[in-house]
Amino acid sequence: MMAKKLTAGAALILTVFALSSCGNTIRGVGQDAANTVDATQNAANNVDAAASR
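Residues numbered from 1 in each chain as written. Predicted model: local features only at pLDDT ≥ 70, side-chain atom pairs only at ≥ 80, totals over all residues. Heavy atoms only, no water.

As named in an unreviewed UniProt entry, the chain is Putative small secreted protein, taken from Rhizobium rosettiformans.

Right, here's the structure in full:
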């Protein structure tokens, strides 16, 4: 009976760690996507400025 509780507790802790890692990964991907959009917009502005000269 005690072994089952320990196993269930360990599984719960591992699940929490796994889910928190996924949350950090998803947040990082969102930041990377935002940075990509910003870089693309900056590049487009640079091309437009160069073409206007």
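Let's pick the thread back up.
1. What to know about the overall build of the chain
In terms of regular secondary structure, the chain is built from 1 helix and 0 strands. Here the chain has a C-alpha radius of gyration of 23 Å; the compact-globule value for 53 residues is 10 Å, and the former is much larger. Seen through its principal axes, the chain has C-alpha atoms that stretch 80 × 5 × 5 Å. Counting across all 53 residues of the chain, residues that qualify as buried make up 0%. With an accessible surface of roughly 4700 Å², the chain has 67% of that area assigned to carbon and sulfur atoms. (Helix = DSSP H or I, 4+ residues; strand = E, 2+ residues; numbered from the N terminus. Rg over C-alpha atoms; globule rule 2.2 N^0.38 Å. Buried < 20%, exposed > 50% of the residue type's maximum accessible area, 1.4 Å probe, protein only. Areas by Shrake-Rupley, 256 points an atom, 1.4 Å probe, with all protein chains shown as cover.)

2. What to know about the UniProt feature "signal peptide" (unreviewed entry) in the chain
The positions UniProt marks with the feature "signal peptide" (unreviewed entry) are residues 1–20. Along residues 1–20 one finds 95% helix and 0% strand; the C-alpha atoms at either end are 29 Å apart. (UniProt positions renumbered as here; feature names shortened; annotations may be inferred.)

3. Thoughts on the environment of Asn-46
Structurally, Asn-46 can be placed in helix 1 (residues 2–52). In this structure the C-alpha to C-alpha distance between Asn-46 and Ala-34, which are 12 residues apart in sequence, comes to 18 Å.

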